Amino acid sequence: MEQAALALEMLDITKTFPGVQALDAVSFGCARGEVHALCGENGAGKSTLIKVLGGVYRPDGGTIRLDGREVAFSHPIVARRAGISIIHQELSLLPQRSVAENIFLGVEPTRFGILDRRTMRDEAGRLLRRLGSSIAPASLAGDLSIAHQQIVEIAKALAIDARILVMDEPTAALDRVDAGRLLDLVRKVSAEGVTIVYISHRMVEIQAVADRVTVLKDGRTVMTTTLAEAPTGRLVRAMVGRDLADFYPPRSSLPPGPPTLNVRGAANGQLHDVSFEVRAGEIVGVAGLEGSGKDALARALIGDEPFEVEAMEICGRAAKPGHPRAAIQAGIGRLSDDRKREGLLMQQSVRDNATLIERAFAPALRSPTAEPMSPQSTDKRLIQLDVRAASFEQEAQFLSGGNQQKVIIARWLARDPEIFIFCEPTRGVDVAAKAAIYQIMRDLARRGRAILMISSDLPEIIGVSDRILIMREGTLAGELPGGATEEEVMAIAVAHDREPHAMAS
Amino acid sequence: MSDQQAIAPAPAWRRYSAAPPLLLVGSILLYVGVALWTGQTRMLETDGVIGLLQRMVGLGIVALGQTFAIIAGSIDLSVANLISVAAVLASFIMQGRADMMLAAVLIVLAVSALVGVVNGAIISRLQVSPFIATLGVGLILQGLLSASFTDFAGSVPKEFQLVAYSTFGVVPYSVAALFALAALASFVLWATRFGAHLYAVGGNAEGARLAGIRTDLVTIGAHVVCSLSAGLTGLYLASRLRSGAPWVGRDGVYDLESIAVVVIGGTLLAGGRGGVWGTLAGVLLFATLDAAFNMLGVSAYPKLVLRGAIVILAVAVYTFRTRGHVA
Amino acid sequence: MTVAIQGGRERARAVALVRRVNFAVVVFLALYVAVGLLQPNYLEPAGAMNFLRRAAPLAILASGQLFVLISGGFDLSVGSLVTLTVIGGSMLTANDPSKTWSTIAALYAIGLFVGLINGAVVAYLKTPSIIATLGTLLSVNGAAMMWSGGSPRGYLPDNFRMFGRFVFHDVPVIGIFPLAVAVLVAVCALAQWGLHGTVFGRRVLAVGDNPRAAELAGVRVEFVRLGVFVISALSAVTAGVMLGGFGGVSVDVGRGLELQAIAACVVGGVQLLGGRGTVVGAVAGALTLTALFALLTLLGLPQPLKDTAQGFILIAAVAIGAWRRRRAV
């Protein structure tokens with residue numbers, strides 16, 4: 001018997017957009033049942049490559065082969081019919097429709113032209129059980145947690161008998177336990193013969209789940225290798241093009257100052273009995289699973305969904321911010337975890353973005369370029385943060401994720417709040433920009449600001465924080481010093497409400 | 001991977017809107033209350049109630065179509081103008097001759113379907129926002145119509161007037177037709193792939209496209225349904241008024257009112273959720289308000305002022321709890 | 001990141017320069033020349049001044065509508081507010097010239113009230129502005145009819161009509177200078193300052209671009225919305241006072257003006273649903289529409305076909321805008 005052809009082969013794929021070469025002769029291939037990781041910095045070309053594979057973009061050159069047969073996709077529907085299913089980073093479920101309707105979206109079974117709802121429900125249930133899940137097919141997709149929505153997305157792929165499943169950062173919004181479960185599922189599906197292309201920034205996951213890995217940089221293939229031959233250090237080097245030895249900045253040797261933020265027994269609908277303090281000059285990390293209340297805590301502190309039972313002091317003064325503006329006036333700044341929806345003005349210039357807060361508080365009829373909103377002082381901050389843009393008049397939408405994040409930080413630096421809340425500060429940010437953002441946080445702390453960092457990324461919590469608060473079921477469950485192990489943090493985060501085996505994922 | 005506990009299906013109140021039954025009860029209470037208060041108890045007898053239902057027909061038919069457009073995440077502001085076009089075209093072609101009835105109806109429906117295709121294609125292919133696209137098409141239609149006709153044009157034969165004035169026993173044809181169309185629309189939304197895809201495109205257009213749905217065809221389909229329903233309303237008005245004039249659609253404010261009753265009926269203005277029974281309940285509320293104003297003897301102009309305010313308030317009831325931002 | 005293609009930098013600079021000049025300005029000049037070829041007195045100073053006078057109400061409406069559009073909304077009530085202004089003017093002055101000034105003050109107060117209602121319904125009741133202002137359109141139209149009993153008659157006093165009709169004669173260089181043009185220039189300057197020269201203008205852009213981000217950065221989004229609808233309503237009263245001087249009092253002076261104002265803005269490159277737009281664009285768009293209507297009249301097209309032309313322009317302008325944006329990304 002001759003050797004079987006590769007399940008998927010992409011050869012010399014080239015794609016040019018006006019002014020930029022997004023893909024330059026990129027090649028990679030995967031065998032049947034293989035989990036193939038695709039990694040690279042933001043802008044390396046991963047998303048473009050995936051969109052070419054999914055029929056969203058047409059390549060300028062190159063060939064795609066499935067099981068040795070050459071194919072060309074003109075519309076996502078053609079790729080889907082060829083057995084390619086893509087789970088995009090932004091989930092594409094319909095929140096108002098049932099799980100069954102979502103799973104069979106576009107491939108609804110019919111009898112005599114009429115929707116066969118019974119078959120839809122039964123088949124959906126069967127697919128979900130095959131994935132070891134007991135989500136009811138009749139529940140609304142919008143009611144499910146992100147983790148469960150991911151499972152529905154996978155079932156959706158299986159419903160079309162996908163031979164190739166592409167997952168784009170599937171764990172980005174998941175906590176550690178759910179991420180671990182998802183990885184188990186990836187192994188299970190690949191064992192059934194489905195080829196999986198797995199895109200992630202998280203090296204640990206790639207090490208845990210992938211058979212081989214392809215690294216992209218600047219639209220070119222840097223290397224393809226088996227995981228056994230590629231320790232994390234070598235992968236990062238290939239992605240970034242240099243070593244990142246001191247990834248996390250050194251902690252401060254000075255003792256922290258007086259408490260800047262003091263919360264005693266605060267509560268609202270999602271939180272109860274929350275008490276903690278953050279001192280001037282320290283970075284306090286907040287860890288916790290999804291739904292533990294760590295996101296609700298950030299929203300409560302900035303008055304977006306305020307505390308109802310309130311005992312909050314800022315620099316010794318009682319504060320009760322009822323909306324974001326009041327929180328800013330009280331001295332709290334917050335970098336949102338969703339910079340696209342809650343941070344950026346995509347169509348406004350970098351400068352306009354960096355002066356938004358000053359302009360929110362200046363008198364309405366003042367000139368928009370009066371001090372401190374002048375281009376000179378704004379540019380100084382942007383340059384200090386090393387924001388890379390063609391020009392500071394460029395629209396924010398054209399910046400990379402890391403630079404966008406820095407523009408929002410620049411906005412807050414102009415206000416210079418006493419307390420700085422960073423929510424998932426490095427989500428969707430490439431490795432080099434990550435290090436820069438950690439350094440900015442440390443510099444702020446050194447200048448006497450109190451920093452609260454809320455994150456699902458445990459290594460970052462452990463590497464950056466001076467102290468770690470762990471949340472569980474809407475309250476603080478424990479505290480650990482900086483440098484604690486991931487196991488110690490997880491033990492507190494999952495205690496009681498999870499089976500012990502879930503810890504070791 | 002296993003879940004610790006089963007994820008229960010959503011309770012019924014999450015899946016079905018509470019709007020239709022509430023509106024139904026509210027309308028009945030209002031109607032009966034005003035009739036009793038003004039002492040016009042004959043409005044509660046068969047004739048009065050039939051009269052109320054008959055008030056629903058014109059707005060009801062076009063609102064069924066508007067429901068499709070809105071569920072698909074679109075909107076159609078050209079319906080009022082298309083209604084005028086349909087009414088004028090029908091009576092102009094018939095010129096009072098019964099033998100031209102079939103031809104006139106077919107031509108009106110074909111023109112309506114074509115307008116729907118144009119609306120849908122401008123929205124999905126040229127990527128013009130539905131609001132501007134249908135507004136523009138409405139202006140084009142109205143301009144062409146007003147340039148060609150300035151007054152009542154032609155007339156419809158006696159036979160065609162039966163559509164509006166004849167009955168099965170006590171039930172007028174038109175009322176029966178409205179409910180039959182509603183049942184058909186409800187079936188299409190619930191039990192066909194087209195229906196499922198309408199909700200998908202309205203709920204998450206990009207997600208639907210990535211799932212392999214031809215979203216442009218779905219949008220065009222929704223607009224064809226909407227325009228056909230406007231064409232039917234035009235035919236009905238021609239039958240009731242015995243002739244068509246270029247202002248019948250605009251005077252009925254069918255564009256705004258059809259959108260308002262759809263939203264009042266619990267369909268999300270952003271698309272992706274809703275149904276025709278809610279719309280019909282919204283139409284009933286408007287017909288009841290109209291009847292109540294008449295019974296109370298409110299004169300024409302104050303009625304206009306109240307109508308505007310009621311549209312705003314009725315929609316606001318659904319929107320004021322919105323957490324996000326609305327512009 | 002991605003690799004930039006070398007070369008063509010000078011061409012890019014030239015393209016950038018052309019892009020900075022508003023597209024509508026170019027279209028307007030071309031149309032105006034075409035009108036001038038058909039009717040040469042448009043090319044004389046007096047003809048041009050008369051043209052500007054006739055364009056003034058629409059340009060004023062467009063510069064008010066601009067604020068609402070940039071904030072992400074629509075104001076469909078301005079046409080009916082123009083009607084109410086004209087009818088209200090005739091009812092309140094009752095042919096008594098001494099009441100003109102108090103009447104104008106009262107009309108601005110009515111405008112302020114309508115603007116606040118629109119803004120409050122959108123900002124606090126969260127009703128989409130299309131529906132909210134369509135509702136106001138119905139109510140305000142009904143109020144105008146009710147006030148006049150459905151059949152308004154007569155003219156406004158001369159000192160009221162002055163804003164639309166008065167012309168300074170024997171002005172050097174240009175010959176005549178209509179008061180309406182002076183008002184237009186003042187309104188444009190005010191709008192230019194308000195949008196591009198104040199912090200408020202940047203907040204309007206921010207709210208239109210991303211209201212949630214603006215709110216989290218401390219912008220009082222509700223106040224911004226109230227502000228833009230008030231600006232739009234006040235511009236409608238201004239346009240109404242001017243139109244009162246143009247012709248007689250009737251119930252449909254303002255009919256369709258809201259759509260013309262939106263069309264003018266869209267032609268001028270204002271982005272629907274917010275975040276992008278300039279005063280120069282809106283005014284150039286209004287002039288373009290007025291020139292186009294003049295051209296259609298000169299070509300002998302019947303009045304209703306102006307609607308048809310406007311429909312085509314509206315769709316084409318938005319489609320071209322969408323196409324250019326797709327190409328740019």
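Residues numbered from 1 in each chain as written. Chains lettered and ligands numbered in written order. Predicted model: local features only at pLDDT ≥ 70, side-chain atom pairs only at ≥ 80, totals over all residues.

Attention now goes to the overall build of chain A. Along chain A, the regular secondary structure elements total 18 helices and 22 strands. For a compact globule of 505 residues, the expected C-alpha radius of gyration is about 23 Å, and chain A comes in at 24 Å, within 12% of that figure. Looking at chain A residue by residue over its 505 residues, the buried ones come to 52%. At a minimum sequence separation of 6, the contacts of chain A that also span at least 24 residues come to 68%. (Helix = DSSP H or I, 4+ residues; strand = E, 2+ residues; numbered from the N terminus. Rg over C-alpha atoms; globule rule 2.2 N^0.38 Å. Buried ≥ 20, exposed ≤ 12 C-beta atoms within 10 Å, placed from the backbone. Contact = placed C-beta atoms within 7 Å.)

Let us look at the overall build of chain B. Scanning chain B from terminus to terminus reveals 15 helices and two strands. Seen through its C-alpha atoms, chain B measures out along the principal axes to roughly 70 × 50 × 40 Å. The buried share of chain B, taken over its 327 residues, is 55%. Sequence-distant contacts, at least 24 apart, represent 79% of the contacts inside chain B between residues at least 6 apart.

Residue-level pLDDT values for chain A average 87, and 95% of them are 70 or greater. Here residues 497-505 of chain A scores under 50 on pLDDT; set against residues more than four positions off or in separate chains, the count is 10 contacts. (pLDDT = per-residue confidence, 0-100.)

Another aspect to go through is the sheet that holds strand 19 (residues 419-423) of chain A. All names here are of chain A. Taken in spatial order, the six strands of this open sheet run 18-19-20-15-21-22, and their pairing is mixed. Of all the strands in the sheet, just strand 18 (332-335) and strand 22 (475-481) have a single pairing partner and so form its edges. Adjacent strand axes in the sheet meet at a mean angle of 20 degrees when their direction is disregarded. Direction of pairing for strand 21 (residues 467-472) relative to strand 22: antiparallel, over a ladder of six bridges. Looking at the pairing, Ile468 lines up with Leu480 of strand 22. Against the sheet, helix 9 (residues 294-301) engages strand 15 (283-288), strand 18, strand 19, strand 20 (450-454) and strand 21, with an angle of about 140 degrees to strand 20. Helix-sheet contacts for helix 18 (residues 486-494) involve strand 15, strand 21 and strand 22, and the interaxial angle to strand 21 is about 30 degrees. (Pairing = 2+ DSSP bridges. Axes fitted to C-alpha atoms, helices over the stretch in contact; angles between N-to-C directions.)

Turning to unusual backbone geometry, a few remarks are in order. All names here are of chain A. The omega torsion across Glu371 and Pro372 is 5 degrees, close enough to zero to call that bond cis. With respect to the helices, strands and loops of the structure, Pro372 is situated in the loop between helix 13 (356-361) and helix 14 (375-384). Its identity as a non-glycine residue notwithstanding, Asp416 has a phi of 50 degrees, on the positive side. By secondary structure assignment, the location of Asp416 is in the loop between helix 15 (401-415) and strand 19. A positive phi angle, near 40 degrees, is found at Glu424, a position not held by glycine. Secondary-structure assignment places Glu424 in the loop between strand 19 and helix 16 (431-446).

Here we take up the sheet that holds strand 11 (residues 212-217) of chain A. Residues and elements named next belong to chain A. Strand order in the open sheet made by the six strands is 6-9-10-3-11-12, with mixed pairing throughout. Both edges of this open sheet fall to strand 6 (84-87) and strand 12 (220-226), since each of them pairs with a single strand only. This sheet shows a mean twist of 15 degrees between the axes of neighbouring strands, independent of strand direction. Across four bridges, strand 6 lies against strand 9 (residues 164-168) in parallel orientation. In the sheet register, Ile84 faces strand 9, and the bridge partner there is Ile164. Its contacts with the sheet place helix 6 (residues 176-191) against strand 3 (35-39), strand 9 and strand 10 (195-199), and it is angled at close to 150 degrees to strand 10.

What follows is about helix 6 (residues 130-148) of chain B. With 19 residues, helix 6 of chain B ought to run about 27 Å at 1.5 Å a step, and its terminal C-alpha atoms sit 27 Å apart, in line with that. The element helix 6 of chain B is extensively covered by neighbouring structure, given that 15 of its 19 residues are classed as buried. (Expected span 1.5 Å × (residues − 1).)

Between chain B and chain C, the residue contacts involve 40 residues of the former and 46 residues of the latter. If you list the elements that add at least two residues to the side of chain B that touches chain C, you get helix 6, helix 13 (254-264) and helix 15 (300-319) of chain B. Considered class by class, the residues forming the side of chain B that touches chain C number 29 nonpolar, 10 polar and one charged. (Nonpolar A, V, L, I, M, F, W, Y, C, P; charged D, E, K, R; others polar.)

Moving on to the packing of helix 12 (residues 257-267) of chain C against helix 13 (residues 279-298) of chain C. All names here are of chain C. It is the contact of helix 12 with helix 13, at a shortest axis distance of 7 Å, that shows an interaxial angle of 115 degrees. Note on packing geometry: the crossing formed by helix 12 with helix 13 is right-handed. Where helix 12 approaches helix 13, its residues Gln260, Ala263, Ala264, Cys265 and Val267 are matched on the opposing element by Ala282, Gly285, Ala286, Thr288 and Leu289. (Left-handed = near helix turned anticlockwise from the far one by under 90°.)

Attention shifts here to the domain arrangement of chain A. Along its sequence, chain A is organised into domain 1 (8-240), domain 2 (257-331 + 419-505) and domain 3 (342-416). Between domain 1 of chain A and domain 3 of chain A, the C-alpha centre-to-centre distance is 36 Å. (Domains from an automatic or database assignment.)

Now for helix 9 (residues 199-209) of chain C. Burial within helix 9 of chain C is extensive, with 11 of its 11 residues counted as buried. Regarding helix 9 of chain C, the residues found buried are Val199(C), Phe200(C), Gly201(C), Arg202(C), Arg203(C), Val204(C), Leu205(C), Ala206(C), Val207(C), Gly208(C) and Asp209(C). Structurally, helix 9 of chain C contributes buried residues whose contacts are with helix 12 (350-354) and helix 13 of chain A together with helix 3 (45-70), helix 8 (179-196), helix 10 (211-216) and helix 11 (221-246) of chain C.

Before going further, it helps to examine the nonpolar core. Ranked by internal contacts, the top residues of the largest apolar core, which has 371 residues, are Ile421(A), Met441(A), Ile451(A), Ile83(B), Ala62(C) and Val266(C). Setting aside residues up to four positions removed in sequence, Val266(C) forms contacts with Ile132(B), Leu272(C), Leu314(C), Ala317(C) and Val318(C). (Core = buried A, V, L, I, M, F, W, Y, C linked by C-beta atoms within 7 Å.)

This part is about the interface of chain A and chain B. Across the boundary between the two partners, chain A contributes 34 residues, which contact 29 residues of chain B. For the side of chain A that touches chain B, the secondary-structure elements that each account for two or more residues are helix 2 (76-81), strand 8 (114-115) and helix 6 of chain A.

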